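One-letter residues, chain by chain:
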Amino acid sequence: MSYHFDESKKAFAEAQAVIPGGVNSPVRAFKAVGEVPVFVEHGDKAHITDIEGQTYVDFVCSWGPLILGHRHPKVVQAISDALAHGTTFGMPTLLETKMAELICELVPSVDMVRMVSSGTEATMSALRLARGYTHKDKIVKFEGCYHGHSDQLLINAGSGAMTFGVPSSPGVPADVAKETLVAKFNDLDSVKAIFDANPGEIAAVIVEPIPGNMGLILPEEGFLEGLRKITEENGAVLIFDEVISGFRASAGGAQKVFGVMPDLTCLGKIIGGGLPVGAFGGKKEIMECLSPAGHVYQAGTLSGNPLAMSAGYAALSVLKEENPYDALDALGKKLAAGLKALAEKHSVAVTINQFGSLMTVFFTDQPVHGYSDATTSDTEKFAKFFSVMLENGVHLPPSQFECWFLSTAHTQEDIDKALEAADKAFEAVGKM
C-alpha cells in the first residue's frame with residue numbers, strides 16, 4: 001500500500017487558520033520531522049486510522065495513557081455507564097473515594113491523593129504544596145526533564161521545548177525562573193552542589209524517576225537513593241513525577257520497581273484511562289496541608305469528574321488483575337533487539353534505551369544517560385527514519401526526544417510489521 005496524506009494536508013491548512021500552529025499541543029505539528037501531521041479518525045487496539053482510511057501500528061498511544069490500547073472494552077463500558085448518569089457535577093461522588101483508595105493501595109508512598117485534570121496541574125500543585133509545607137521557595141529540577149508547562153518548571157525542559165531547541169520559554173518571568181535550580185540527571189554531585197550553595201532555601205526536588213521527555217533515560221544505580229538521602233538531610237520534599245512512569249513501570253510506578261519512596265508523587269496519563277486527568281499524593285502529614293484541611297490552596301471544577309474516574313478506575317483495575325508488565329517488557333525487548341539488528345545491518349549507529357513498555361531509539365553512537373548525551377543524536381537521521389516508517393504504516397512519536405509506547409494490545413504481528421518497516425527506514429538512513 002502506498003500511503004498518501006492529501007486529506008491531512010488539507011485539514012492541517014484549515015486548522016492553522018483557527019488554531020495556533022494548527023495543533024493544540026506543539027509536538028503534534030510534526031515540525032521536527034518535516035512532515036504534515038496525521039489527522040486521526042479512529043483507533044482500535046494497537047492501531048489508528050487516519051481521515052483517508054489508512055491504518056498504522058500506533059507506538060504513540062496518545063503519549064502514554066493507552067497502555068491497554070485503543071477502546072479497551074472494559075474502559076469503554078465504564079465510560080458509557082458513567083455517562084448515563086451525567087458528565088460532571090462539581091460535587092463529591094462515591095467514585096472519587098473508590099479511585100483514591102485504589103491509587104493509595106497500589107502506589108507505595110501515597111497515603112492520600114488529590115485528583116486534578118492534567119499532569120501540569122499535578123506538578124504545579126505538588127510544588128506549591130511542598131513550598132507551603134516547608135516554608136521555603138526554591139526548587140531543584142533536572143535538565144531535560146519536563147514536568148508540564150507551568151512557569152516554574154519550564155526551565156531547561158525536555159520534550160517539545162527540547163525538540164524545538166527552546167530550553168525555556170518567553171513569558172516566564174525572571175523572578176519566577178530564579179527560584180528554579182537545575183541539576184544534571186544521574187549526577188548526584190550536581191545536586192549536592194546546589195544544596196551547598198543554597199542552604200536552608202530549597203523546598204523540593206522534583207524528578208522523573210524514569211525520564212521520558214528527552215527520550216527514555218534510565219536512572220543509574222544509587223541515583224534515586226542518593227536523592228532520597230540528600231532531601232532527607234536538608235529538609236526538602238522529594239517529588240517523583242510519575243505522570244509517565246506511573247502504572248507503566250509497574251502497577252506501583254517506578255518507586256515500587258526501584259524501592260525508593262518519595263514524599264509526593266505526581267500521576268496522570270494512565271489513571272484517566274484515556275480521558276484528561278492528573279493527581280498528586282503522598283504522605284498524610286504533607287497532604288493535609290491542602291485546603292480545606294490546611295491552608296495551601298488548590299481547586300478545580302472538573303477535578304475527579306465521573307467520566308475520568310470511571311475510565312481510570314477501569315484501566316487500573318485491569319492492570320491490577322492482569323499484571324501485564326512482564327509480557328510488555330518481553331515484547332519491548334523483542335522490538336528493541338530487532339531494531340538494533342537492523343540498524344547494524346545497514347551500518348546506522350543507534351543507541352536504544354528500553355524499559356518495559358517504554359523505548360527510545362537515539363541516532364547516536366554513544367550511550368545515553370542524560371540530557372547532554374541525548375543531544376548528540378542526529379535529528380535529521382531520525383526525521384528520515386520517521387518518514388519512512390510512516391510511509392510504511394508505522395506511527396511513531398514525531399520527535400527524537402520522546403518515548404515510544406507499547407500497549408497490551410500490541411501483538412507479535414504488530415512487532416513484525418514495525419521491523420519490516422524499520423528495515424526500509426534504516427536502509428534509507430544508511431544512504432544519507
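Please refer to the structure placed before this passage.
Treat the numbers as computed from the prediction; the structure is a model and nothing was measured.

Engineer: Account for the overall build of the protein, naming residues and giving values.
Structural biologist: Helices and strands together make up the secondary structure of the protein, namely 15 helices and 14 strands. Over its C-alpha atoms, taken along the principal directions, the protein stretches across nearly 60 × 55 × 45 Å. Put simply, the protein has 432 residues, and 58% of those count as buried. Within the protein, counting contacts between residues at least 6 apart in sequence, those at least 24 apart form 72% of the total.

Engineer: Give me the packing of helix 12 (residues 325-345) against helix 15 (residues 412-430): which residues, what numbers.
Structural biologist: Running from N to C, helix 12 and helix 15 cross one another at 20°; their axes reach a closest spacing of 9 Å. The angle between helix 12 and helix 15 falls in the class roughly parallel. Where helix 12 crosses over helix 15, the two elements pack in a sense that is right-handed. Residues Leu-331, Lys-334, Leu-335, Gly-338, Leu-339, Leu-342, Ala-343 and Lys-345 of helix 12 form the contact with helix 15, whose own contacting residues are Gln-412, Ile-415, Ala-418, Leu-419, Ala-422, Asp-423 and Phe-426. In the contact of helix 12 with helix 15, the residues fall into ten nonpolar, two polar and three charged.

Engineer: Which residues make up the environment of Met-99, and what values go with them?
Structural biologist: Inspection of the secondary structure puts Met-99 in helix 3 (residues 94-106). Among the residues examined, Met-99 registers a relative accessible area of 0% and is labelled buried. Placed 172 residues apart in sequence, Met-99 and Ile-271 show a C-alpha to C-alpha distance of 9.1 Å. Ignoring anything within four residues of it in the chain, the contact list for Met-99 reads Ile-271, Met-309, Gly-312, Tyr-313 and Leu-316.

Engineer: Can you explain the sheet that holds strand 6 (residues 180-183)? Please cite residues and give values.
Structural biologist: Sheet strands pair by backbone hydrogen bonding; their relative direction is either parallel or antiparallel. Reading across from one edge, 4-10-9-8-7-5-6 is the order of the seven strands in this open sheet, with mixed pairing throughout. At either margin of the open sheet sits one strand with a lone partner, and together these are strand 4 (112-116) and strand 6. In this sheet, adjacent strand axes meet at a mean angle of 20° when their direction is disregarded. Bridging between strand 8 (residues 237-241) and strand 9 (residues 264-268) involves three bridges; their strand directions are parallel. Opposite Phe-240, over in strand 9, you have Thr-265 as the bridge partner. Sheet strands in contact with helix 8 (residues 223-234) are strand 5 (138-142), strand 7 (202-207) and strand 8, and its direction is about 150° off that of strand 8.

Engineer: Now, about the layout of surface pockets: what can you tell me, with residues and values included?
Structural biologist: The probe, sized like a water molecule, is rolled over the atoms to show the empty space still left. The space that makes up the second largest pocket amounts to roughly 540 Å³. Taken together, 27 residues line the second largest pocket, and the ones lying closest to its centre are Glu-96, Arg-114, Met-115, Gln-298 and Ser-303. Those elements giving two or more residues to the lining of the second largest pocket turn out to be helix 3 and strand 4. It is strand 4 that contributes the most residues to the lining of the second largest pocket, four residues altogether. Grouping the constituent residues of the lining of the second largest pocket by class yields 14 nonpolar, ten polar and three charged.

Engineer: Describe helix 15, with residues and values.
Structural biologist: Helix length check: helix 15, at 19 residues, gives a terminal C-alpha distance of 26 Å against a target of 27 Å (1.5 Å per residue), a fit within 8%. Turning to helix 15, its buried residues number three or more, namely Asp-414, Ile-415, Ala-418, Leu-419, Ala-421, Ala-422, Ala-425, Phe-426 and Val-429. In this structure, the buried residues of helix 15 make contact with strand 2 (47-50), strand 3 (55-58), helix 12, helix 14 (379-391) and strand 13 (394-395).

Engineer: Tell me about the packing of aromatic side chains, residues and numbers included.
Structural biologist: Each aromatic ring pair is characterised by the separation of its centres together with the angle its planes make. A full pass over the atoms with the stated rule returns 13 aromatic pairs. With a centroid separation of 5.9 Å and 35° between ring planes, the pair formed by Phe-59 and Trp-404 is classed as tilted. With a gap of 345 residues between them, Phe-59 in the loop between strand 3 and helix 2 (73-83) and Trp-404 in strand 14 (residues 404-405) connect regions that are remote in the sequence. When sorted by exposure, Phe-59 lands in the same class as Trp-404, which is buried. Relative to Phe-385, the ring of Phe-363 lies with its centre 5.4 Å away and its plane at 55°, an arrangement referred to as tilted. Remark: Phe-385 occurs in helix 14 and Phe-363 occurs in the loop between strand 12 (358-362) and helix 13 (371-374); sequence separation between them is 22 residues. Summarising the burial analysis for this pair, Phe-363 and Phe-385 share the class buried. By way of ring pairs, the aromatic residues Phe-30, Phe-59, Phe-363, Phe-382, Phe-385, Phe-386, Trp-404 and Phe-426 are connected into one cluster.

Rules used throughout
Residues numbered from 1 in each chain as written. Predicted model: local features only at pLDDT ≥ 70, side-chain atom pairs only at ≥ 80, totals over all residues. Heavy atoms only, no water. Helix = DSSP H or I, 4+ residues; strand = E, 2+ residues; numbered from the N terminus. Buried < 20%, exposed > 50% of the residue type's maximum accessible area, 1.4 Å probe, protein only. Contact = heavy atoms within 4.5 Å. Axes fitted to C-alpha atoms, helices over the stretch in contact; angles between N-to-C directions. Parallel < 35°, antiparallel > 145°, perpendicular 65-115°, else oblique. Left-handed = near helix turned anticlockwise from the far one by under 90°. Nonpolar A, V, L, I, M, F, W, Y, C, P; charged D, E, K, R; others polar. Pairing = 2+ DSSP bridges. 1 Å grid on protein atoms, 1.4 Å probe; cavity = no way out; pocket = protein on both sides within 12 Å on 5 of 7 lines; lining within 4 Å. Points joined across faces, edges and corners; volume = space filled by probe spheres on them. Expected span 1.5 Å × (residues − 1). Phe/Tyr/Trp six-rings, centres within 6.5 Å; stacked < 30°, edge-to-face > 60°.

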